[in-house]
Protein chains: 2
Amino acid sequence: MDLDLLISELVSGKTAALARAISIVENMRPGFERLLGELHRSLGRARRIGITGPPGAGKSTLVERLVSHYRSSGFKVGVIAVDPTSPFTGGALLGDRIRMESIALDTGVYIRSMASRGSLGGLATTTREVCDLLDAAGFDRILVETVGVGQSELDVARMADSTVLVLVPESGDGIQTLKSGVMEIADIFAVNKADRSGADKLRQEIEVTLGIRRGNAFRNVPAHHGRAIGVSDRRRVGVSEDDVLGGTASSAPPPLRSSAWEQPVVLTSAVKGDGVADLVAALDRHHDWLVASGELDQRRRRRLMERTREVVDRATRKWLWEETRAERLINDRLDEVAGGEVSPYELAQDVLEELKQGEKI
Amino acid sequence: MDLDLLISELVSGKTAALARAISIVENMRPGFERLLGELHRSLGRARRIGITGPPGAGKSTLVERLVSHYRSSGFKVGVIAVDPTSPFTGGALLGDRIRMESIALDTGVYIRSMASRGSLGGLATTTREVCDLLDAAGFDRILVETVGVGQSELDVARMADSTVLVLVPESGDGIQTLKSGVMEIADIFAVNKADRSGADKLRQEIEVTLGIRRGNAFRNVPAHHGRAIGVSDRRRVGVSEDDVLGGTASSAPPPLRSSAWEQPVVLTSAVKGDGVADLVAALDRHHDWLVASGELDQRRRRRLMERTREVVDRATRKWLWEETRAERLINDRLDEVAGGEVSPYELAQDVLEELKQGEKI
């Protein structure tokens, strides 16, 4: 297929073109880098939202609710479920995906699962590139949900404009079980299954911990419990969607604190649909802050830097194994390695030395 | 510290030297490749055993039992717990490690956790290198346990001589929940918590599935249930430890089928200690088969190939980012990327072109 035609169909929002483009990118088929390169200029419209949290926190249901909410506001929504493929969790995932099919018939929604096995170039990189495709195809909100557990949570946080950390009361030891660094990845906390006992306790725990980290343990704990804070308790910053899209946020009043974002804790019950509007409001507020503080530009710039590094890494590896003599050199001398005459490290050093000589290798 | 002194202390079995060597390798400190290269010749004594399975299968307890069993036979045992660092599982892991401290006071046992965060060169590669250090330090058995979930299971299977897949009756849907490819990584199945109801059913399920794959659905199901098969039901191959270590397995009678290994299913109850001797016997039998069939040599050769590739990859990346102008080129032109004049892909291509010119970059 003609790449230019594919691009023009993709940009005009044709679903078949999107699916085809994703397949090309996932499988690193010829032209995938040109495809992504050509789309580079048309990116930046979509808001990228990461949804992460431990297994069983209800992330999928929450994502489904967010999708419905955004759809009712007229936005096109893309969903990417990132699954770093545990060999042992086939059952649960299937259930999640079937549930999601209730919204999958809507052409304003595009759902895609990303598993490490389908991704030759590294799961995180490919996920970011599929986000680009959805962005270019005109999706307004891209929700990236981590399905599995592992490194993916942190990778998702690094690629999103806003990251929601979903926790549930029954996770037992509360936030003490979170490893260090996890609380920092959250722009917004969602205490899901908030109708269960312990929800308020968990919310307070989070708020106190956040307060201590800001050197102000108690200011952030509201006297009245049981409500979402950070949304209804605070004046929303009055930036309209158009202002944000056009990048002209100057008419907006400054956020309460332009230098720091105070992570709100929102109570939700995804199954019942409670608190979803609050979560959306918190996300809007975070986006407004990102724009007003200049943080959005900085985050996107940082991501471009990382992306370029990743692409260089990937292209270098491809060159190394497909265009140089490296593979053959190793094959030819494997007997020496197996016989103990040469170590893998010495052989690798020899290969690298040849590589440094440049293209003649 | 003098590297040669470190190596001689390591090879003579000094624990402090081992700990220091591991730290050097994990952090890729200067000399780490020479250290590993020098040890290359003295490897191959240890048997590397992977223990994998879903969370909650009782892997840690089983590993602890195996350690005790091997210790009572006079073997030195190394344990590596591979944790791909889920940010959400801090609690459970801590519990596992505390339990293991019951055996940690024994100087014939060395326990080490490997987490992705501590590993600059990739978790799988570094784990293999730490196995090498334990091997060189005179450990007879190296147990590599996957603590987290994810890709690590498959990586562990690829680095072990023998891989034990631990399953439990209550995992619900039984082996149907295993993703494709998982059953194939197991050399031995351990049905743990075998005192619970459903253990026999799970064992039969595994055996039937294995039988079908061999094109012989029922031969493998014994008439009498409730016992480990593959061990007590079959004649053990008479290769002694000395034969194996010296690589002179020619005196041993041929295994029942030299071309194929029939994966046995062993019932264990790690908490009670039941079935551990059967599991050890199955592991011994598998090792004998590996030697007699030539598969051990093939697996180790394949691993040397993979290792060399990994080391080349890592060394190339180090060269790319630390010794070439790549990083500076990207920094210098990031404004163009952010401004949309150049895409990350075009910039990466430019960097790669310079790289191909060789060392002058």
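Residues numbered from 1 in each chain as written. Chains lettered and ligands numbered in written order. Predicted model: local features only at pLDDT ≥ 70, side-chain atom pairs only at ≥ 80, totals over all residues. Heavy atoms only, no water.

1. Brief notes about the nonpolar core
Leu35(A), Leu133(A), Leu35(B) and Leu133(B) are the most contacted members of the largest nonpolar core, which totals 106 residues. Discounting residues that sit within four places of it in the chain, Leu133(A) has contacts with Leu10(A), Leu18(A), Ala21(A), Ile22(A), Val25(A), Leu35(A), Leu36(A) and Leu39(A). Within the second largest apolar cluster, 30 residues are counted, among which are Ile51(B), Leu62(B), Trp261(B) and Val291(B). (Core = buried A, V, L, I, M, F, W, Y, C linked by side-chain atoms within 4.5 Å. Buried < 20%, exposed > 50% of the residue type's maximum accessible area, 1.4 Å probe, protein only. Contact = heavy atoms within 4.5 Å.)

2. Remarks on the pattern of salt bridges
Scanning the entire structure with this criterion turns up 54 salt bridges over all chains. Ionic pairing is found between Asp195(A) and Lys272(A), a salt bridge with its closest N-O pair at 3.5 Å. Here the residue Asp195(A) occupies a position in the loop between β6 (188-191) and α9 (199-213), and Lys272(A) occupies one in the loop between β7 (265-267) and α11 (276-293), the gap between them amounting to 77 residues. For Arg128(B), the salt bridge is made with Glu310(B), and the minimal N-O distance between the two is 2.6 Å. Of this pair, Arg128(B) sits in helix α6 (residues 123-136) while Glu310(B) sits in helix α12 (residues 295-322), and the two are 182 residues apart along the sequence. Given a relative accessible area of 17%, Glu310(B) falls into the buried group. Among the charged side chains, a salt-bridge network with shared partners connects Arg48(A), Asp132(A), Asp135(A) and Arg307(A). (Salt bridge = Lys/Arg side-chain N within 4 Å of Asp/Glu carboxyl O. Helix = DSSP H or I, 4+ residues; strand = E, 2+ residues; numbered from the N terminus.)

3. Here we look at the packing of aromatic side chains
All names here are of chain A. A complete count under the given rule lists four aromatic pairs over all chains for this structure. A centroid spacing of 6.1 Å and a plane angle of 70° characterise the contact between Tyr-70 and Phe-75, whose relative ring orientation is edge-to-face. Like Phe-75, Tyr-70 is buried. With centroids separated by 5.8 Å and ring planes inclined at 40°, the aromatic side chains of Trp-261 and Trp-289 adopt a geometry described as tilted. With Trp-261 in the loop between α10 (241-246) and β7 and Trp-289 in helix α11, the pair connects residues that are 28 residues apart, well separated along the chain. The exposure class assigned to Trp-261 is buried, which follows from its relative accessible area of 12%. Overall, the relative accessible area of 8% leaves Trp-289 in the buried class. (Phe/Tyr/Trp six-rings, centres within 6.5 Å; stacked < 30°, edge-to-face > 60°.)

4. Let's talk about empty space enclosed by the protein
Summary: where empty space remains is shown by rolling a probe the size of a single water molecule over the atoms. Tallied over the entire structure, the rule returns five cavities of 30 Å³ or more. Counting residues per element, the ones that place at least two in the lining of the largest cavity are α12 (295-322) of chain A together with α12 of chain B. Ranked by residues supplied to the lining of the largest cavity, first place goes to α12(A) with four residues. Split into classes, the residues belonging to the lining of the largest cavity amount to one nonpolar, two polar and four charged. Taken as a whole, the second largest cavity encloses approximately 50 Å³ of empty space. Lining the second largest cavity, in full, are Arg47(A), Ile49(A), Tyr70(A), Arg141(A), Asp161(A), Ser162(A), Leu283(A), Asp284(A) and His287(A). (1 Å grid on protein atoms, 1.4 Å probe; cavity = no way out; pocket = protein on both sides within 12 Å on 5 of 7 lines; lining within 4 Å. Points joined across faces, edges and corners; volume = space filled by probe spheres on them. Nonpolar A, V, L, I, M, F, W, Y, C, P; charged D, E, K, R; others polar.)

5. Brief notes about the packing of helix α3 (residues 32-39) of chain A against helix α6 (residues 123-136) of chain A
Two quantities define a packed helix pair, namely the angle between the helix axes and the distance between the axes. Residue and element names in this part refer to chain A. Here α3 crosses α6 at 50°, and the two axes come no closer than 10 Å. Put simply, α3 runs oblique to α6. When the axes of α3 and α6 are compared, the crossing they make is left-handed. Counted together, Phe-32, Leu-35, Leu-36 and Leu-39 of α3 and Glu-129, Asp-132, Leu-133 and Ala-136 of α6 form the full contact between these two elements. Here the residues of the contact of α3 with α6 sort into six nonpolar, no polar and two charged. (Axes fitted to C-alpha atoms, helices over the stretch in contact; angles between N-to-C directions. Parallel < 35°, antiparallel > 145°, perpendicular 65-115°, else oblique. Left-handed = near helix turned anticlockwise from the far one by under 90°.)

6. A closer look at the packing of α12(A) against helix α15 (residues 344-356) of chain B
The contact between α12(A) and α15(B) brings their axes to 9 Å, and the two run at 45°. Between α12(A) and α15(B), the angle is such that the two are oblique. Seen along the crossing, α12(A) lies across α15(B) with a hand that is right-handed. Packed against α12(A), whose contacting residues are Leu304(A), Arg307(A), Thr308(A), Val311(A), Val312(A), Arg314(A), Ala315(A), Thr316(A) and Trp319(A), the element α15(B) presents Pro344(B), Tyr345(B), Leu347(B), Ala348(B), Val351(B), Leu352(B), Leu355(B) and Lys356(B) at the interface. In the contact of α12(A) with α15(B), the residues fall into twelve nonpolar, two polar and three charged.

7. What about the environment of Lys272(B)?
Residues and elements named next belong to chain B. Residue Lys-272 is classed as exposed on the basis of its relative accessible area of 52%. Setting aside residues no more than four positions away along its own chain, Lys-272 makes contact with Arg-65 and Asp-195. In this structure the side chain of Lys-272 is engaged in a polar contact, spanning 3.5 Å, whose partner is the side chain of Asp-195. (Polar contact = N/O pair within 3.5 Å; in protein donor to acceptor, adjacent residues only side chain to side chain.)

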